[in-house]
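Now for the letters of each chain:
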Amino acid sequence: MPDTPFEVEVVRRDFPILATQVREKKLCYLDNAASTQKPRAVIDRLQEFYSRENANIHRGVHHLGELATDAYHDARKTVAKFLNAKSDKQVIFTRGTTESINLVATSWGRANLQKGDQILLTAMEHHANIVPWQLIAEQTGAVIKVIPTNDRAELDLDAYDQLLGEHTRILAICHISNSLGTLNPIKEIIAKAKAMGVTTLVDGAQGAPHLGADVQDLNCDFYAFSGHKIYGPTGIGILYGNQEIMENMPPYQGGGDMIQRVSFEKTTYKGLPERFEAGTPNIAGAAGLAAAIKYLGQFNQADIKAHESALLEYALGQLEDIDGITLYTKAVARTGVVSFNLEGVHAHDIATILDREGVAIRAGNHCTQPLMKTLGVPATARTSFALYNTKEEIDTLAASIIKARQLFK
Amino acid sequence: MSDDLEDLYQDIILDHNRRPRNSHEMVDSTHNAEGVNPLCGDEITVYLKLLDEKIEDISFKGQGCAISQASASLMTEIIKGLSLPDVRKQSDILQKLLITDEDNPNALFEYGNLAALSGVRKFPARIKCASLAWHALEAALQGKTSITTEDE
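Calculation criteria
Residues numbered from 1 in each chain as written. Chains lettered and ligands numbered in written order. Predicted model: local features only at pLDDT ≥ 70, side-chain atom pairs only at ≥ 80, totals over all residues. Helix = DSSP H or I, 4+ residues; strand = E, 2+ residues; numbered from the N terminus. Rg over C-alpha atoms; globule rule 2.2 N^0.38 Å. Buried ≥ 20, exposed ≤ 12 C-beta atoms within 10 Å, placed from the backbone. Domains from an automatic or database assignment. Nonpolar A, V, L, I, M, F, W, Y, C, P; charged D, E, K, R; others polar. Axes fitted to C-alpha atoms, helices over the stretch in contact; angles between N-to-C directions. Left-handed = near helix turned anticlockwise from the far one by under 90°. Contact = placed C-beta atoms within 7 Å. Pairing = 2+ DSSP bridges. Expected span 1.5 Å × (residues − 1). Core = buried A, V, L, I, M, F, W, Y, C linked by C-beta atoms within 7 Å. Parallel < 35°, antiparallel > 145°, perpendicular 65-115°, else oblique.

Let's talk about the overall build of chain B
Thought 1: Each helix and strand in chain B was counted, giving six helices and four strands.
Thought 2: In sequence order, the secondary structure elements of chain B are arranged as α-α-β-β-β-α-α-α-α-β.
Thought 3: Here the C-alpha radius of gyration of chain B, 14 Å, is about what a compact globule of 152 residues would show, namely 15 Å.
Thought 4: Each of the 152 residues in chain B was classed as buried or not, and the buried ones make up 41%.

The structure is reproduced here in structure tokens:
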């Protein structure tokens, strides 16, 4: 059981990069929805793996081959436990959320989609949960339908009820909007889809780091997330899948490690999870991701959530009084992100000016161009929080935004 | 406010951002092209009226950050009425001042009004913002209708 009390100043000491400076200003890292910083436990794990355990997996009968294989298998077990998956076999290592979704769209899509079938997405999806579906729709003749949002950028659930129909084959939806922080009621949404026999995929890139993920409780068929957004390394991600569905999916990529027997006449494939892991995987990345999950596991999930929610509400309060600001984070259920614009100052100019104060934020469309279109803006400035952020950092953010406003007066 | 920021957002830049010159569509243009930076979403369409190898008229329309807007506005002021070889010279000057790594005491003399963009070079992430309109101009002159900064 988690037993470490959550104290943000203590937590900050676990992240070496937070003590660095940006042009003699204290680093104020508020771009966590893009990528999170890494605790020493993760950095040390990568170094330890490459210093003492490195070799290829599933091949060498030698000592290091065994250590590397063990590290990789242990990492899979850690992830399965984190997700509350019934079996390790349901956990596939990928390069990240994007590859996880591409795997499902391509492999599941090829086997299950036909002309006239419908793929149901939402208006707030990241391009990673739009474009793979467009690619498979083009190949199969399936059609994409989109659940719209209301004026608070929450999903229109009445419209969802209308859109969910006999032709719907799959629903792919984010847990949390990466652009606005809207928290979707995915459990309820998934239940409705399942009742209609629709396959469901959750983009958990933002959800897993901030809310955790219990795939049995959510009852989704697929769940995807990225290592680097949950305090782990880049280049490693996860696809969780329903075992029965995955066992009936054709391979995604072909190569070594995913085959049983190869001849030029016929090749047979391994079962789960290897069938979907062609080639040498990111072994160190998997070990690093497991270290990140273990690091997070020492805290009570509810404490992290409470801390991040308090930061969000404090930020909204500090920012809403700034002259000329428009806040786009309006959903009643929300977490982790504040998106805004400043009258007369483009988001990129805000980001440049804030950077000179040591404040790192993201400016742009956040890989959600359709959502930006519904908001009627080409770009927003976005601050996003993690467990190591503080109210003082939000004060610095607010003061820096006021400076930007003054410069452009 | 840091010196770098003051160099970037010089008064002339802020002024062109607030009141962009020649910012309108041109229905009777002979050439036009759209420049897009897909990473940040900036979009600028440049319209030209080319007569006897000379820029008879130029305008732009689009949205983006202060740097891309001001750069486009400055560009239209600078090259209106120039012959094509002179346009090429101005484009070369812009490229040079965006990549040079030393302060030039003769900047104003050498670069003219384009010198207002010299602060951009200390912000590598913003160089594409300053060159977007010029890429669109180049594309229009080559008879292309669009260009993106990611094809470079």
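There's plenty left to go through after this.
Focus: the domain arrangement of chain A
All names here are of chain A.
Thought 1: Structurally, chain A comprises domain 1 (8-30 + 300-407) and domain 2 (44-297).
Thought 2: A separation of 28 Å is found between the C-alpha centroids of domain 1 and domain 2.
Thought 3: Of all the elements in the fold, those that place two or more residues in the side of domain 1 that touches domain 2 are α12 (301-320), β14 (337-342) and α14 (369-375).
Thought 4: With four residues, α12 is the largest single contributor of residues to the side of domain 1 that touches domain 2.
Thought 5: Looking at the side of domain 1 that touches domain 2, its residues break down into nine nonpolar, eight polar and five charged.

With respect to the packing of helix α2 (residues 40-53) of chain A against helix α11 (residues 283-297) of chain A
Residues and elements named next belong to chain A.
Thought 1: Viewed as axis vectors pointing N to C, α2 and α11 meet at an angle of 150°, and their least axial separation amounts to 8 Å. Taken as a pair, α2 and α11 cross one another with a handedness that is right-handed. Contacts between α2 and α11 involve Ala41, Val42, Arg45, Leu46, Phe49 and Tyr50 on the former and, on the latter, Ala284, Ala287, Gly288, Ala291, Ala292 and Tyr295.
Thought 2: The class makeup of the residues in the contact of α2 with α11 is ten nonpolar, one polar and one charged.

Describing the environment of Ile57 of chain A
Residue and element names in this part refer to chain A.
Thought 1: Positionally, Ile57 belongs in the loop between α2 and α3 (63-83).
Thought 2: Since 20 C-beta atoms lie within 10 Å of it, Ile57 is described here as buried.
Thought 3: Separated by 339 residues in sequence, Ile57 and Thr396 place their C-alpha atoms 47 Å apart.
Thought 4: For Ile57, the residues in contact, after removing those within four places along its chain, are Ala68, Thr69, Tyr72 and Ile283.

Topic: the sheet that holds strand β3 (residues 54-63) of chain B
Residues and elements named next belong to chain B.
Thought 1: Taken in spatial order, the four strands of this open sheet run β3-β2-β1-β4, and their pairing is mixed. Strand pairing shows two members of the sheet lacking a second neighbour, β3 and β4 (146-148), which therefore form its edges. Averaged over neighbouring strand pairs, the angle between their axes works out to 20° when direction is ignored.
Thought 2: When strand β1 (residues 31-37) meets strand β2 (residues 42-51), the two strands line up antiparallel, connected through seven bridges. Its bridge partner lying in β2, Ala33 is registered against Val46.
Thought 3: Its contacts with the sheet place helix α3 (residues 66-79) against β2 and β3, and it is angled at close to 165° to β3.

Description of α12 of chain A
Thought 1: Relative to the 28 Å expected for 20 residues at 1.5 Å per residue, α12 of chain A spans 29 Å between its end C-alpha atoms, a close match to the ideal helical length.
Thought 2: Elements that come into contact with the buried residues of α12 of chain A comprise α1 (8-13), α8 (207-211), β14, β17 (380-384) and α15 (391-407) of chain A.

Structural notes on the interface of chain A and chain B
Thought 1: Across the boundary between the two partners, chain A contributes 13 residues, which contact 15 residues of chain B.
Thought 2: At the level of elements, α13 (347-355) and α15 of chain A are the ones that each hand at least two residues to the side of chain A that touches chain B.
Thought 3: The element best represented in the side of chain A that touches chain B is α13 of chain A, accounting for four residues.
Thought 4: Of the residues belonging to the side of chain A that touches chain B, the class tally is five nonpolar, five polar and three charged.

Some remarks on the sheet that holds strand β8 (residues 199-203) of chain A
Residues and elements named next belong to chain A.
Thought 1: Ordered by their spatial adjacency, seven strands build an open sheet running β4-β10-β9-β8-β7-β5-β6, and the pairing between neighbours is mixed. Edge strands, defined here as strands with exactly one partner in the open sheet, are β4 (91-94) and β6 (143-147). Each neighbouring strand pair of the sheet contributes to a mean axis angle of 20°, computed without reference to strand direction.
Thought 2: The sheet contact formed by strand β5 (residues 118-122) and strand β7 (residues 168-174) spans three bridges and is parallel. Looking at the pairing, Ile119 lines up with Ile170 of β7.
Thought 3: Against the sheet, α3 makes contact with β4, β9 (222-226) and β10 (237-241), and its axis sits at roughly 115° relative to β4, the strand it touches most.
Thought 4: Those strands touched by helix α7 (residues 186-195) are β7 and β8, and its axis lies near 160° from that of β8.

Observations regarding the nonpolar core
Thought 1: Core analysis: the largest hydrophobic core is formed by 120 residues, its most contacted members being Val79, Tyr223 and Ile350 of chain A.
Thought 2: Looking at this core element by element, the count peaks at eleven residues for α11 of chain A.
Thought 3: Those residues in contact with Ile350 of chain A that lie beyond four places of it in its chain are Leu342, Val345, Ala363, Ala381, Ile401 and Ala404 of chain A.
Thought 4: Counting residues in each nonpolar core, the second largest holds 37 residues, with Cys65, Leu114, Val120 and Leu132 of chain B among its members.

Quick notes on the packing of α13 of chain A against α15 of chain A
Residue and element names in this part refer to chain A.
Thought 1: Packing of α13 against α15 brings their axes to within 9 Å, and their N-to-C directions diverge by 120°. Considering the angle they form, α13 stands oblique to α15. For the crossing formed where α13 meets α15, the hand is right-handed. Contacts from Ile350, Ile353 and Leu354 in α13 reach Ser400, Ile401, Lys403, Ala404 and Leu407 in α15.
Thought 2: For the contact of α13 with α15, the class distribution of residues is six nonpolar, one polar and one charged.

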